[in-house]
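Understanding the architecture of this molecule
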Amino acid sequence: VNYNPTDSLAFALNGDVGYDTALDPVTGNEHAVYWYGGMAAARLAFNDVWAVALRGEWFRDPQGFMTGATNPTSGSPLDVVIRTGTLTLEAKPSPYLIVRLENRIDSANQPVFRRGLNDANDVQATSLLSVVVTTGHTFNASSSPAAQAPK
């Protein structure tokens, strides 16, 4: 769900659910697995050049299927919950260039973030600097050739 109350303010909500079947690593029996999560985000454009965005995400993998998290002693799957928070600073110095700096913190109830072959942690912080080159054109469904064709 996206909601844009003004040209400079935008909100988004998203939810996902996944379902599959898998073999239990301990018993060898087939069973249902599922996972689900959600996201909430907001973006504020100060002007045509500068914007800031904040995003929070929550993900649960009750059978450890998507994360592959298992108990190191028994090998049984672990119930994993991951929470993230991301702050994005954005600059658009021209219609053809977007520069973003994203700072993100992830935390989990299990040590699922790998630091090495035999080392994992339940928290990680990452930063990403991205540069996007665009055509400067914003797609608008009403301006597409199909929408302009005579009826």
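Residues numbered from 1 in each chain as written. Predicted model: local features only at pLDDT ≥ 70, side-chain atom pairs only at ≥ 80, totals over all residues. Heavy atoms only, no water.

Comments concerning the overall build of the protein chain
For clarity, the cut-off: Each helix is a run of H or I in the DSSP string that is no shorter than four residues. Each strand is a run of E no shorter than two, and both are numbered from the N terminus. The classification of residues rests on relative accessible area computed with a 1.4 Å probe and restricted to protein chains. Under 20% of the type maximum is buried, over 50% is exposed, and intermediate values are partly exposed. Contacts are assigned to residue pairs that have any heavy atoms within 4.5 Å of one another. Every accessible area reported is derived by Shrake-Rupley at a probe size of 1.4 Å, with residue values counting cover from the shown protein chains alone. As used throughout, the charge tally considers Lys and Arg to be positive and Asp and Glu to be negative, leaving His and the chain termini uncounted. We put the charge of a Lys on NZ, of an Arg on CZ, of an Asp on CG and of a Glu on CD.
Counting its secondary structure elements, the protein chain contains one helix and nine strands. When the elements of the protein chain are put in sequence order from the N terminus, they spell out β-β-β-β-β-β-β-β-β-α. Burial statistics for the protein chain: of 151 residues in total, 19% are counted as buried. By sequence separation, contacts in the protein chain at least 24 residues apart represent 42% of the contacts at least 6 residues apart. Counting every atom, the protein chain has about 10,400 Å² of accessible surface; 59% of that belongs to carbon and sulfur. Side-chain charges in the protein chain split into 10 positive and 14 negative, and the spacing between the mean points of these groups amounts to 7 Å.

Let's talk about the pattern of salt bridges
Between side chains of opposite charge, pairing is possible as soon as their charged atoms come close. Counted only if it meets this: A carboxyl oxygen of Asp or Glu within 4 Å of a side-chain nitrogen of Lys or Arg is what we treat as a salt bridge.
A complete count under the given rule lists six salt bridges for this structure. Residue Glu-57 pairs with Arg-55 through a salt bridge whose shortest N-O separation is 3.6 Å. Looking at Glu-57, the relative accessible area reads 27%, which means it is partly exposed. Linked by salt bridges that have partners in common, Arg-55, Glu-57, Arg-104 and Asp-106 make up one network.

Points about the nonpolar core
What counts is decided by this rule: By convention a nonpolar core is built from buried Ala, Val, Leu, Ile, Met, Phe, Trp, Tyr and Cys residues, the set being connected through side-chain atoms within 4.5 Å.
Core analysis: the largest hydrophobic core is formed by six residues, namely Ala-69, Leu-78, Val-80, Ile-82, Ala-108 and Phe-113. Those residues in contact with Ala-108 that sit more than four places away from it in its chain are Val-81, Ile-82, Arg-83, Phe-113 and Asp-122.

Everything listed here is a matter of geometry and, on its own, says nothing about what the molecule does.
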